[in-house]
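# Tertiary structure, described
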Protein chains: 2
Amino acid sequence: MSKPKTTEARRPRGLEDRGPAAIEATRQMLETIRQVYERYGFEPVETPLIEYTDALGKFLPDQDRPNAGVFSFQDDDEQWLSLRYDLTAPLARYVAENFDRLPKPYRSYRVGPVFRNEKPGPGRFRQFMQFDADTVGASGVAADAENCMMFADAMEALGLGGNYVVKVNNRKVLDGILEYAKVEDHQKLAVLRAIDKSDKFPPSEIMLLLTTGRKDESGDFTKGAGLTEQSADLLIRNVCMGPMLDVVDGVAMPTSRRTLEYMQANLNTSNVFDEGFNELSQLSKIVEAAGYGSDRIRIDQTVVRGLEYYTGPVYEVELTFEVEDEGGQKVRFGSVGGGGRYDGLIGRFRAEDVPATGISIGVSRLQAALTHLGKLTSAAPRGPVVVTVMDKARIADYQVMVSELRNAGIRAELYLGDSGFKAQMKYCDRRNSPLAIIQGSDEAERGEVQIKDLVKGADLAARAKSITDREEYQRLSAEAQYAVKREELVAKVRAALG
Amino acid sequence: MSKPKTTEARRPRGLEDRGPAAIEATRQMLETIRQVYERYGFEPVETPLIEYTDALGKFLPDQDRPNAGVFSFQDDDEQWLSLRYDLTAPLARYVAENFDRLPKPYRSYRVGPVFRNEKPGPGRFRQFMQFDADTVGASGVAADAENCMMFADAMEALGLGGNYVVKVNNRKVLDGILEYAKVEDHQKLAVLRAIDKSDKFPPSEIMLLLTTGRKDESGDFTKGAGLTEQSADLLIRNVCMGPMLDVVDGVAMPTSRRTLEYMQANLNTSNVFDEGFNELSQLSKIVEAAGYGSDRIRIDQTVVRGLEYYTGPVYEVELTFEVEDEGGQKVRFGSVGGGGRYDGLIGRFRAEDVPATGISIGVSRLQAALTHLGKLTSAAPRGPVVVTVMDKARIADYQVMVSELRNAGIRAELYLGDSGFKAQMKYCDRRNSPLAIIQGSDEAERGEVQIKDLVKGADLAARAKSITDREEYQRLSAEAQYAVKREELVAKVRAALG
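Residues numbered from 1 in each chain as written. Chains lettered and ligands numbered in written order. Predicted model: local features only at pLDDT ≥ 70, side-chain atom pairs only at ≥ 80, totals over all residues.

### A few points about the sheet that holds strand β16 (residues 385-387) of chain A
The strands making up a sheet are joined through hydrogen bonds of the backbone, oriented either antiparallel or parallel. All names here are of chain A. Which entries qualify depends on this criterion: When DSSP finds two or more bridges between two strands, those strands count as paired. Think of it this way: any DSSP run of H or I at least four residues long counts as a helix, any run of E at least two long counts as a strand, and we number them from the N terminus. Structural elements are reduced to axes, namely lines fitted to C-alpha atoms, with helices fitted over the stretch in contact, and the angle between N-to-C directions of any two is expressed from 0 to 180 degrees. Remark: residues whose backbone-derived C-beta atoms lie within 7 Å of one another are considered to be in contact.
Across the sheet, which stays open at both edges, the five strands sit in the order β17-β16-β18-β19-β20 with mixed pairing between neighbours. Across the chains shown, the open sheet's two edge strands, defined by having one partner strand only, are β17 (412-414) and β20 (481-485). Taken pair by pair, the neighbouring strands of this sheet meet at an average axis angle of 25°, ignoring direction. Note that strand β19 (residues 448-453) and β20 share five bridges and pair antiparallel. Note on β20: the bridge partner recorded for Val449 is Val484. Lying on the sheet, helix α15 (residues 454-463) is in contact with β18 (435-438), β19 and β20; it crosses β19 at an angle near 55°.

### Regarding the interface of chain B and chain A
Stated precisely, the cut-off is as follows: Under the scheme applied here, ten amino acids are nonpolar (Ala, Val, Leu, Ile, Met, Phe, Trp, Tyr, Cys and Pro), four are charged (Asp, Glu, Lys and Arg), and all others, including Gly, are polar.
Between chain B and chain A, the residue contacts involve 85 residues of the former and 85 residues of the latter. Element by element, the count of residues in the side of chain B that touches chain A is highest for helix α12 (residues 395-407) of chain B, at six residues. Its residues assigned to classes, the side of chain B that touches chain A shows 39 nonpolar, 16 polar and 30 charged.

### Section: the sheet that holds strand β4 (residues 80-83) of chain A
Residues and elements named next belong to chain A. Read from one edge of the open sheet, three strands run β2-β4-β3, paired in antiparallel fashion. Each edge of the sheet is formed by a strand with only one pairing partner; in this case those strands are β2 (50-52) and β3 (72-74). Taking each pair of neighbouring strands and ignoring which way they run, the sheet shows an average axis angle of 35°. Relative to β4, β2 runs antiparallel, the two sharing three bridges. Bridge pairing in β4 links Tyr52 to Leu81.

### Details of the packing of helix α1 (residues 20-39) of chain B against helix α4 (residues 141-157) of chain B
All names here are of chain B. Basically, it comes down to this: Angle categories are assigned with fixed cut-offs, so that under 35 degrees is roughly parallel, over 145 is roughly antiparallel, 65 to 115 is roughly perpendicular, and the rest are oblique. Two helices crossing with the near one rotated counterclockwise from the far one by less than a right angle form a left-handed crossing, whereas a clockwise rotation gives a right-handed crossing.
Where α1 contacts α4, the two axes come as close as 9 Å, and the packing angle between them is 140°. With respect to their mutual orientation, α1 and α4 come out oblique. In this structure, the crossing between α1 and α4 has a hand that is right-handed. Mapping the contact onto sequence places Thr32, Ile33, Val36 and Tyr37 in α1 and Met150, Asp153, Ala154 and Ala157 in α4.

### Focus: the domain arrangement of chain A
Many structure descriptions define interface size as the accessible area lost when the parts assemble. Condition: Boundaries between domains were set according to an automatic or database domain assignment.
By the assigned domains, chain A splits into domain 1 (20-372) and domain 2 (385-497). Of note, the centres of domain 1 of chain A and domain 2 of chain A, computed from C-alpha atoms alone, are 55 Å apart.

### Structural notes on the environment of Glu318 of chain B
Inspection of the secondary structure puts Glu318 of chain B in strand β13 (residues 313-324). It is 27 Å that separates the C-alpha atoms of Glu318 of chain B and Ser218 of chain B, two residues lying 100 residues apart in sequence.

### Brief notes about α1 of chain B
The condition is simple: Residue count minus one, scaled by 1.5 Å, sets the expected span of a helix.
Over its 20 residues, α1 of chain B runs 29 Å from end to end, which matches the ideal 28 Å to within 8%, given 1.5 Å per residue. The elements touched by buried residues of α1 of chain B are α12 (395-407) of chain A together with β5 (106-115), β6 (127-136), α4, β15 (356-362) and α11 (363-372) of chain B.

### Quick word on helix α5 (residues 171-180) of chain B
In an α-helix there are 3.6 residues to a turn, and that puts residues three or four apart on one side. All names here are of chain B. To keep things clear, this is the line we draw: With C-beta atoms placed from the backbone, a residue is labelled by how many other C-beta atoms lie within 10 Å of its own: buried for 20 or more, exposed for 12 or fewer, partly exposed between the two.
With seven of 10 residues buried, α5 lies mostly within the body of the structure. Along α5, the residues classified as buried are Arg171, Lys172, Val173, Leu174, Gly176, Ile177 and Leu178. For α5, the secondary structure elements touched by its buried residues are β7 (164-170), α6 (188-196), α8 (229-241), α9 (256-266), α10 (271-289) and β13. Phi turns positive one or two residues past the end of α5, at Lys182, with a value near 60°.

### Remarks on the relation of the copies chain B and chain A
A rotation about some axis, followed by a shift along it, carries one copy of the chain onto the other. What counts, and what does not: In superposing the copies, a least-squares fit is computed on C-alpha atoms, taking residues whose pLDDT is at least 70 in both.
Of the two same-sequence chains, chain B is brought onto chain A (RMSD 0.1 Å, axial shift 0.0 Å) by a rotation of 180°. The relationship between the two copies is best expressed as a two-fold rotation axis. Identified as the residue of chain B closest to the rotation axis by C-alpha distance is Phe73 of chain B, at 3.0 Å.

### Notes on the environment of Leu416 of chain A
Relative to the elements of secondary structure, Leu416 of chain A occurs in the loop between β17 and α13 (421-430). In contact with Leu416 of chain A, other than residues within four places in its own chain, are Pro105, Thr135, Ala138, Gly140, Ala142 and Ala143 of chain B.

### Points about the pairing of strand β5 (residues 106-115) of chain A
Two faces make up the sheet, and in a regular strand the side chains alternate between them. Residue and element names in this part refer to chain A. With eight of its 10 residues buried, β5 lies for the most part within the structure. Pairing between strand β1 (residues 43-44) and β5: two bridges, direction parallel. Following the sheet pairing, Pro44 is matched in β5 by Tyr109. Pairing geometry for β5 and strand β6 (residues 127-136), over 10 bridges, is antiparallel. Within β6, the residue paired with Tyr106 across the bridge is Val136.

Dropping the structure here:
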């Protein structure tokens, strides 16, 4: 039977296989989020995983290597195709292509895999799942307020109440202050990225990122944005450090009101700032009136979001509980999703811009958080009842037992391997099986089957040494394995499963 | 505001967008199948959409163009990657890579998109969904019998009872007769494909496919298998035409028993036939004992299945109701899935072969059938309650109403567009909204809101001309729109939704 094997069984880097516990946890989580989005009036839509490369555009966070970030290949008519790298660019294509027949505003949600052709790392995959919701055709800030409330409601529904905050900023506010700080266009992206790190690094490190560059512990060098120290200082003091903290319910935090006052006092520098500031004020008023306090949705002038296409409000949902990082330091779990307004993205396909705003949840990261907090059932589900095979010639009889159990709605299977009784018991164990059904020739003659209760059996085995009373032991043994009439199989199995 | 549009919004050929009704129908259908597979003791597993090209192997039905059939691209280390073209090849890789830690037999199911880089056509997509279940490590025919019964149970659960049959054959039986008919190895695939068409074409056309080739109405030429007329005749008489029909419950059909008798009388030509025939007999015995008659699972010597990797039993689930084809001819709906034993596929990665057998459902095709038979709710679901905007300055107040409704579990949304009242009513209509909530300044002063029942309103509008009694009309109008106290909003909306 021996033969040469020809191919190595291996998975490409940065791609993962997933087993039953993870799949079931994802299913529950997505269903919970879906119900929240449905309650907000959003409806599902699905687009293919492959799009024309030019339809996707180049809006990856990693703007330095726009082509390296996507998986691309040529169609047989030589046009370039790509695997989608997010769910927003395909939605823009879909809306533009179906513009006239869609209701406007158009609220939709979608969930599915996206792909990044990037260097994988721990927790950083080349295929991962996103769950997005977008509103197209609503120019007012009320749509952004809804996005933030929907984020908050999704977190509450997942059991994360008290462990999250939705942080809100506005690109126009940032643009105003960048203008004031004399940041040039080519410096902007590097500056935004440096500001984005202000929850991770102290001001001295942000200063390096904004000016001459920073070398990390591993020796990797990040190029600086090239600002003067004066400009950098202005940004650090006013954007990265922000307002004083208020104490709300015994917890120190900057309330939205305090942050807005602070912004007006310190960042009020231009017309574009004014526009953004007014939008933030309105958004704050709407969510507060709807009962979302600063502990749940909060204005925060440090929020940036990496994507270049945002044009107005931007938001981020941050999980606030602490975990240990690789170095053993306690750090906040951090962002599990974000979003914002992208009024220009659909306009790429049309003669006029179309207002649009949306949110995106990183499914794996959120699932990791929920698992960490014990909010998902991560235990393997109960396995099937296994009908064992004592006599291969009587497979058809055993199969009838299995069919009877299944027809009664009981999860059941026939042992399909070639091994003997001991290996079959081991198999039941690996399958997390609650009961094994056994019928040898003696039982068959008597018209009986044995039910072996594997949970009680394991319990008895664990306690065997401590049971000294012979009758007690016999009683427990009789509960762990007993004969029943063949015609009572289904009823007795159902009773044993409880 | 006018600007040049830069990109055309278009979708690559053979890829589809899907809306709410189709997505909901798929969700229900997959959930039903999933429950059946779970009851059979199968557990879910997911693999990535991208695999190493060599790990997938070249097992496409279209063996003539093995590379053209898959979407492939090079990784940055120059290794070739491909999008998976089915769910079996990735499972083989997964099992081989995790062989020692998996229980054996290992029963698993998976659902997801697969990709074919082929010429798309009507109902033929380059991305489509499959739902597979496989048992690895079970060499006996009992595992194949289970596959057939699980197929049948899934069809029953979907409401297709009486409209399907699972047809079963064995590759070894076919191999026996091909050997007897002196078919050479290089002719085998073309011969199998010709036989596979025997439910579509009359014997005269099959004769052409088996010998010199066949030109279809459009002028396309299919190369013949190159058999002599004598060999071809032998195959057509004994394989394509098959046994006499029995009458079962008033329906004429070849029962499994009759087909088995026929096979033994007419095809019994070699040892390899014998082996296959015994497997078929055993399988037939098991499914009959479990209560699956020939109307549900039936031995059929014409079943071939296109994939080259099958090594034993092969099966196909055929829907038997009739639909009209493009030419207006009544034809059976046909196959929605198939499967079989592939004992060599995992062995590609290992020093020894590993027995394996599985089934695959074509999700879109099955969904098309269920939709055709009205077995899926294809109607758009009820839309949200829409809170209209009468005064933009009071958005926050309207949002509070929406939040109250949502917190009570009622699907609701704020109108987020910029249009006036009439357009808002039109929007409600397009959204299939049951109720609109209206609060102008008068109502606000009185502490009231108007509830507009859009279903009753539409009903009244349709009947308006036939209602001559003024009081009757006023009574109906009052039911279609009425004022309620602001604080009673949730209770009254709930009552109106019933």
